[in-house]
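Architecture and fold: a report
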Amino acid sequence: MTVKEAATARRSIRKYTDAPIPEADIQEMLRVAGLAPSPWNLQPWRVKVVVSPEMKEKLMAAAYGQPQVGAAQAVFVIGNDMNDVLANVEETVHPGYGDQIPEVAQNVKETMEKMSEGDLQWWGKSQGYTFMAFLLLQAQAMGYSTSAMLGFDPVEVRKLFGWGDHVQISAIVAMGVADEDGFPTHRHPLERFTEIV
Ligand SMILES: Cc1cc2nc3c(=O)[nH]c(=O)nc-3n(C[C@H](O)[C@H](O)[C@H](O)COP(=O)(O)O)c2cc1C
């Protein structure tokens, strides 16, 4: 399946069959989504994949009872941890920098330290959406359907995973084999949101 085919076929699906997602498929989707780019390659996403019925039930409660969470075979929770990023910048700097790695890492840290706490957190959270987009397309290409979700209480979701208040959750993504067609895709025409200048 090409990227165009996956993007065209994808639609939000909220009902799933009982077919499980093999762990190897979950790993492959995570690997491909992890190829998403991020500024300075900082990769702030820290992702939990919920498969156990007990955890799914708790997560569904934190998502205001939205049934697709309980129906999904796996639910991906995309958190972003800028504290972890800033404490470990050296590990993300490209090895090609060699001796300059400490200097490059220092530059990144100094730039980030100039940001307000709110801007820093927003910065981290926004990177998770690139990860999410890669995940949605790769899932589609592998025959799984998804529902991205913002309808959850971040305080409750953080508690479930023992995440500190600083961890920003971009979205949760319910996933499984589709058991419904979903709504046909409905989008603005190009001229509504684009201009080639
Ligand atoms: C970041 C994000 C959050 C969303 N949150 C929810 C949600 O909490 N509950 C829900 O039922 N759908 C949710 N949706 C699904 C959207 O309503 C859906 O993507 C949109 O209507 C377009 O439909 P389509 O995905 O079938 O193309 C969300 C989608 C995105 C991208």
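Note that the coordinates shown come from a computational prediction; the quantities given were computed from them, not determined experimentally.

Side note on the overall build of the protein
Along the protein, the regular secondary structure elements total nine helices and four strands. Order of helices (α) and strands (β) in the protein, N terminus to C terminus: α-α-β-α-α-β-α-α-α-β-α-β-α. Relative to the globule expectation of 16 Å for 197 residues, the C-alpha radius of gyration of the protein, 18 Å, shows essentially globular dimensions. Principal-axis analysis of the C-alpha atoms gives the protein an extent of 55 × 50 × 35 Å. A sequence separation of at least 24 residues applies to 80% of the contacts in the protein between residues at least 6 apart. Counting every atom, the protein has about 11,200 Å² of accessible surface; 55% of that belongs to carbon and sulfur. Computed over 17 positive and 25 negative side-chain charges, the separation of the two mean positions in the protein equals 6 Å.

Here we look at the layout of surface pockets
The method is simple in principle: a probe with the dimensions of a water molecule rolls over the atoms, and the space it marks as empty is what remains. Of the volumes computed, that of the largest pocket is approximately 150 Å³. Contributing to the lining of the largest pocket are Arg 10, Arg 11, Ser 12, Arg 14, Gly 182, Phe 183, Pro 184, Thr 185, His 186 and Arg 187. Residue composition of the lining of the largest pocket, grouped by class: two nonpolar, four polar and four charged.

Quick notes on the pattern of salt bridges
Taken as a whole, this structure holds four salt bridges when the rule is applied. For Glu 28, the salt bridge is made with Arg 31, and the minimal N-O distance between the two is 3.1 Å. Of this pair, Glu 28 and Arg 31 both sit in helix H2 (residues 23-33), three residues apart, roughly one helical turn. A residue is classified by how much of its surface remains accessible, and Glu 28, at 29% relative accessible area, is partly exposed.

With respect to unusual backbone geometry
Here the phi dihedral of Trp 40 falls at roughly 55°; this positive angle occurs in a residue that is not glycine. Inspection of the secondary structure puts Trp 40 in the loop between H2 and strand S1 (45-50). A relative accessible area of 43% places Trp 40 in the partly exposed class. For Gln 43, which is not a glycine, the phi torsion comes out positive at approximately 45°. Along the chain, Gln 43 falls in the loop between H2 and S1.

With respect to the nonpolar core
One finds Leu 59, Val 69, Val 75, Val 77, Val 157, Ile 169 and Ile 172 to be the most contacted residues of the largest nonpolar core, which totals 19 residues. Mapped by element, the contributors of at least two residues to this core are helix H3 (53-62), strand S2 (74-80), helix H8 (154-161) and strand S4 (168-176). Ranked by residues supplied to this core, first place goes to S4 with three residues. The residues touching Ile 169, leaving out its near neighbours within four places in the chain, are Val 77, Ile 78, Gly 79, Lys 125, Phe 152, Pro 154, Val 157, Arg 158 and Trp 163.

Observations regarding the environment of Ile 169
Inspection of the secondary structure puts Ile 169 in strand S4. A sequence separation of 85 residues divides Ile 169 from Asp 84, and the C-alpha atoms of the two residues are 14 Å apart.

Brief notes about the site of the ligand
The full set of residues close to the ligand is Arg 10, Arg 11, Ser 12, Arg 14, Gln 66, Gln 68, Ala 148, Met 149, Leu 150, Gly 151 and Arg 187. Take Ser 12: an N or O atom from its side chain is 2.6 Å from an oxygen atom of the ligand. Contacts to the ligand include Arg 187, whose side-chain N or O atom sits 2.8 Å from an oxygen atom. Starting from 620 Å² of accessible surface for the ligand in isolation, the protein chains cover 65%. Taken together, the residues of the shell around the ligand sort by class into three nonpolar, four polar and four charged.

A word on the packing of H2 against helix H7 (residues 117-141)
One way to put it is that H2 packs onto H7 with a least axis distance of 8 Å and a crossing angle of 135°. Our classification of the angle between H2 and H7 gives oblique. Regarding H2 and H7, the two cross each other, and that crossing is right-handed. Counted together, Glu 28, Met 29, Leu 30, Val 32 and Ala 33 of H2 and Phe 131, Phe 134, Leu 135, Gln 138 and Ala 139 of H7 form the full contact between these two elements. Class assignment for the residues of the contact of H2 with H7 results in eight nonpolar, one polar and one charged.

Rules of the game
Residues numbered from 1 in each chain as written. Predicted model: local features only at pLDDT ≥ 70, side-chain atom pairs only at ≥ 80, totals over all residues. Heavy atoms only, no water. Helix = DSSP H or I, 4+ residues; strand = E, 2+ residues; numbered from the N terminus. Rg over C-alpha atoms; globule rule 2.2 N^0.38 Å. Contact = heavy atoms within 4.5 Å. Areas by Shrake-Rupley, 256 points an atom, 1.4 Å probe, with all protein chains shown as cover. Lys, Arg positive; Asp, Glu negative; His and termini not counted. Charge placed at Lys NZ, Arg CZ, Asp CG, Glu CD. 1 Å grid on protein atoms, 1.4 Å probe; cavity = no way out; pocket = protein on both sides within 12 Å on 5 of 7 lines; lining within 4 Å. Points joined across faces, edges and corners; volume = space filled by probe spheres on them. Nonpolar A, V, L, I, M, F, W, Y, C, P; charged D, E, K, R; others polar. Salt bridge = Lys/Arg side-chain N within 4 Å of Asp/Glu carboxyl O. Buried < 20%, exposed > 50% of the residue type's maximum accessible area, 1.4 Å probe, protein only. Core = buried A, V, L, I, M, F, W, Y, C linked by side-chain atoms within 4.5 Å. Near = heavy atom within 4 Å. Polar contact = N/O pair within 3.5 Å; in protein donor to acceptor, adjacent residues only side chain to side chain. Axes fitted to C-alpha atoms, helices over the stretch in contact; angles between N-to-C directions. Parallel < 35°, antiparallel > 145°, perpendicular 65-115°, else oblique. Left-handed = near helix turned anticlockwise from the far one by under 90°.

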